[in-house]
Structure formats: C-alpha cells, structure tokens
Amino acid sequence: MTNHISLAQGREYLAIPGPSVMPDAVLQAMHRPSPNIYDGALIEMMPDLTRDLKRVARTEHNVAIYIANGHGTWEAALSNVIAPGEVVLAPASGRFTYGWAEMAEGIGAKPQLIDFGTSSPWHFDLIAEALRADEAHDIKAVLAVHVDTSTSVRNDIPALRALLDDLSHPALLMADCIASLGCDRFEMDAWGVDVMVTACQKGLMTPAGVGFVFFNEKAAAKRATMPRVSQYWDWVPRAQPDLFYQYFDGTAPTHHLYGLRAALDLIHAEGLEHVWARHERLATAIWTACETWAEGGALHLNVADRAHRSHAVTALRLSDGQGTPLRHFTETQLGLTLGIGLGMEDWDGCFRVGHMGHVNAQMVMAMLGGVETALAALKIPRGKGALEAAAATLAA
Ligand SMILES: *Cc1c(COP(=O)(O)O)cnc(C)c1O
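Since we're looking at a predicted model, the values are computed, not measured.

Asker: Explain the site of the ligand to me, and be specific about the residues and the numbers.
Answerer: Close contacts around the ligand come from 13 residues, with G70, H71, T149, Q201 and K202 the closest. A distance of 3.4 Å is found between an oxygen atom of the ligand and a side-chain nitrogen or oxygen belonging to N69. Between the ligand and the protein, one listed contact pairs an oxygen atom with a backbone N or O atom of G70 at 2.7 Å. Alone, the ligand offers 380 Å² of accessible surface; in the complex the protein occludes 90% of this. Among the elements that take part in the shell around the ligand, helix 3 (residues 70-81) stands out by supplying three residues, more than any other.

Written as structure tokens, this is what we have:
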C-alpha cells in the first residue's frame, strides 16, 4: 500500500525504439504447447514464412534465419562474406554503425570508419573520397545503417548504391534495417542492396530472439570464395527451406516462428505500402508536436531536416539534463515508458520515442499527451499548442 495515488495504473505503453509493442494476435499465436520440430505444422509453414519475409524486404533472393538478436545478425552477415584482414567501410550516423564496425574488427576485419557525428546523415562527398582512394579495391563491403536508432537519422541507401555504381566500386552494399524494416520504405532488390540484416523485435513486432540475413547472388558468390565460415553462422544451409532442421543447427525458435507468422499476416493484410504510409503519417504528427514544443527553446529534435528523419524513432534533446527526469516522470506517474538517450554526449539530456510497428494514431496522441504532461510537471519551457498541431496533421 502506498500513501499517494498513482496515475500509472492501467495498461502501460512501452514507447521505446525496440522491443516494440506486440500485437495481441502475436501474443496469442505464441500461447501454445511446444510443437514437433521434425514434422508437421511448424515444418509445413516455413516455405510461406520465408516467402512472406522476403516480401517485407522486397527481395526475390535468399533469407537465412538465426536464433539471434540484431547483434547476432551483424556477426552472421560479416562472417559469411568478410575474411580476416579485409577492409569494410563504415559511414556512421550514430552508435549503431560503430557497433557493427566493432563486430567486424572482432572477426579480424579492418573497419574504416567515417564519422558524421550524432545528428547528420552521410555526406556522399566524403564516402566518394574514401572509395576513390581505394584503387586496389581493398574495401570489400560498405556497412550501411539505414536508420540509426541512437540518433534517428535515416540514410539514403539508393544514393549510396548509385555512388558505388558511378565509381564502379565492387564492394558489397550491406544494410542494417533492424530499426527500419516494416516502418520506413526499404526495397532490397530495387535499391541494389547485396546483404540486409534485421531482427524481429522492432517493425516485425515479435519478441526479441530471431534475426534474419537476406543476401543476393553477388553476396553468395563472395561467400563461395571464403576460406572458412563458422558453422553456426554459415548461411548456406539456413537459406534452404527443405533442410528445415539444419536451419537452426538444432532446435528451432518454435514460438517466435508462430508469433512471426501472425505479425507477417498483419503486415500483409494491411499492405506494406500502407504500413509505410502509416508510419510516415504518425511520424509527421510526432515531429509537428515536437517542433511546436521546440519554440519554447528547451527541447529540440536531434535531426533538423525532416527529410533525414526516421519514421520509426525520434531522438530528442532537452536542455539541463532534463531527459532522464522526464522519462522517470512518464514511467512512474503516467505508465508511459520512453527510450533512453543512446550514444549521445549528453546522456541525461536525450531521450527517444519509438513509433515502430504496432502503433496507431490514438497511441501517438496518448504518448504526446504524456510528454506534454511531463513537460508541464517539470516546468520545462515549451511552445503552446503541440497536441492541437499534431491532431491537425492526423485530421487532415
Ligand atoms: C536495435 C538495433 C540494433 C541491435 O539489435 P539488437 O537486437 O538489440 O542486438 C542494431 N542496429 C539497429 C539499427 C538497431 O535499431
């Protein structure tokens, strides 16, 4: 028994940039006894599951499924195509590119980092300079984080493809779509991406624990030249649906696969174009509210230009280290959990809002109302009319 009332009782809202909100259909699909992993329903659903995963990635090529989080897929992808001593180019718009480059270093590769700071997308002139300087084609891959979840910067992958083509540079284009898949437009084949990694707990709305590496024939050809690939990460057996129980080198992630099936059904019933459009509309409402609050001078959006902002996550900066107290207030007083600042200089000043996956307009308005309440409680100066402005964008 506490002696003061709490306004946090009721259904909580986890508005962090992954794991995301799980749909009831996903939860219910997982609430069942363990299936036979050698025969029957689980085996039979795999061909359609892989087909529908490829539809989300907009690819006709291959997908390997791992029991792993996003970090696991970083290592899985690198292990198949990057041999010790080979160079990878890593243009960084935040913490997640550093992480992928560190993973490359861990398997003996030589990462070459170009750091664009914590609020900026890639500058193509600097990437071009690095590729041009590489006359011997030592760079075997470019590690391209589509949406960097720490900064909420969204990078232009088709422009990177065009640059590689213009310079006739043969490096593989490897994309991290862990935050963006199923939220921001991404088209693997049309955009000329050779390898794409993602995980299931963000736009795919499934509990953390399954990761995916998509790869095309160019990447498969590089794989074929590798001196060795660790058996667990080798994508060759995992990309063959008829070898189902070699997929996982052991027991399949049974319940995740049922949850994922339900999530893919939701995505395809809505239609991927509509899923992207919904994320864009909701993100626009969030930005509109934040830009209004920013008129008070204390809060600002980490990415200044809307064209470079993710539709899945928004990183915000508050003066005087007020981000941590704000998050504490929304979580303990309102039942709303916001994301911590990640990879920023001013840890306590930053916070992030996740708006990926199973999110609709009333959830966004509730989240914005929670932030408005916390700004009021903490007496943080802010522009007036943020919620009205957000509502107007959704009503339009
Ligand atoms: C979440 C995320 C990761 C890490 O995924 P984990 O499942 O937490 O290992 C990597 N890259 C990006 C862009 C992410 O959003």
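This is not the end of the story, as more comes after the structure.
Asker: Could you give an account of the sheet that holds strand 11 (residues 299-301), naming the residues involved and the relevant values?
Answerer: Taken in spatial order, the five strands line up as 1-13-14-12-11 in an open sheet, and their pairing is mixed. Two strands in the sheet have a free side with no partner beyond their single neighbour: strand 1 (13-15) and strand 11. Pairs of neighbouring strands in the sheet enclose a mean axial angle of 35°, with direction left out of account. In the packing of helix 11 (residues 272-294) onto the sheet, contacts are made with strand 11 and strand 12 (313-318), and the angle to strand 11 comes to roughly 140°. Across the face of the sheet, helix 13 (residues 361-377) comes into contact with strand 1, strand 12, strand 13 (336-340) and strand 14 (350-354) while running at roughly 80° to strand 13.

Asker: Account for the environment of N360, naming residues and giving values.
Answerer: With respect to the helices and strands, N360 occurs in the loop between strand 14 and helix 13. For N360, a relative accessible area of 32% gives the class partly exposed. Residues N360 and R382, spaced 22 residues apart in sequence, show a C-alpha to C-alpha distance of 25 Å. Within polar-contact distance, the side chain of N360 engages the side chain of Q362 at 3.4 Å.

Asker: How would you explain the domain arrangement of the protein chain if you had to name every residue and give the values?
Answerer: Looking at the assigned domains, one finds that the protein chain contains domain 1 (2-17 + 272-395) and domain 2 (28-268). Relative to domain 2, the C-alpha centre of domain 1 lies at a distance of 29 Å. Between domain 1 and domain 2, the residue contacts involve 26 residues of the former and 26 residues of the latter. Contact with domain 2 buries surface across domain 1, with L272, W276 and H308 losing the most and accounting together for 28% of the total. Run the count over domain 1 and domain 2 and you get two salt bridges. With its nearest N and O atoms 2.6 Å apart, the salt bridge here joins E273 to R185.

Asker: Tell me about unusual backbone geometry, residues and numbers included.
Answerer: Omega for the peptide link from G18 to P19 comes to 0°, which places this bond in the cis form. Positive phi outside glycine occurs at S152, with the angle close to 65°. In this fold, S152 is placed in the loop between strand 6 (147-148) and strand 7 (153-154). For S152, a relative accessible area of 3% corresponds to the buried category. Although it is not a glycine, M205 adopts a positive phi angle of roughly 60°. Inspection of the secondary structure puts M205 in the loop between strand 9 (195-199) and strand 10 (210-215). The exposure class of M205 is buried, given its relative accessible area of 5%.

Asker: I'd love a proper account of the pattern of salt bridges, names of residues and values included.
Answerer: Following the criterion strictly, the structure yields 21 salt bridges and no others. A salt bridge links R154 to D184, with the nearest nitrogen and oxygen atoms 3.2 Å apart. Here R154, found in strand 7, pairs with D184, found in the loop between strand 8 (172-176) and strand 9; they are 30 residues apart in sequence, far enough to count as distant. E270 is paired through a salt bridge with R278; the nearest N and O atoms lie 2.7 Å apart. Overlapping salt bridges bring together D48, R51, D52, R55, R261 and D265 as one network.

Asker: Mind laying out the nonpolar core, listing which residues take part and the relevant values?
Answerer: Residues I127, F186, V193, M196, L204 and F212 are the most contacted members of the largest nonpolar core, which totals 56 residues. Inspection of this core shows a minimum of three residues originating in each of domain 1 (2-17 + 272-395) and domain 2 (28-268). Among the nonpolar cores identified, the runner-up in size contains 33 residues, and L172, A199, V213 and F215 belong to it.

Conventions used here
Residues numbered from 1 in each chain as written. Predicted model: local features only at pLDDT ≥ 70, side-chain atom pairs only at ≥ 80, totals over all residues. Heavy atoms only, no water. Near = heavy atom within 4 Å. Polar contact = N/O pair within 3.5 Å; in protein donor to acceptor, adjacent residues only side chain to side chain. Areas by Shrake-Rupley, 256 points an atom, 1.4 Å probe, with all protein chains shown as cover. Helix = DSSP H or I, 4+ residues; strand = E, 2+ residues; numbered from the N terminus. Pairing = 2+ DSSP bridges. Axes fitted to C-alpha atoms, helices over the stretch in contact; angles between N-to-C directions. Contact = heavy atoms within 4.5 Å. Buried < 20%, exposed > 50% of the residue type's maximum accessible area, 1.4 Å probe, protein only. Domains from an automatic or database assignment. Buried area = accessible area lost by both parts, 1.4 Å probe. Salt bridge = Lys/Arg side-chain N within 4 Å of Asp/Glu carboxyl O. Core = buried A, V, L, I, M, F, W, Y, C linked by side-chain atoms within 4.5 Å.

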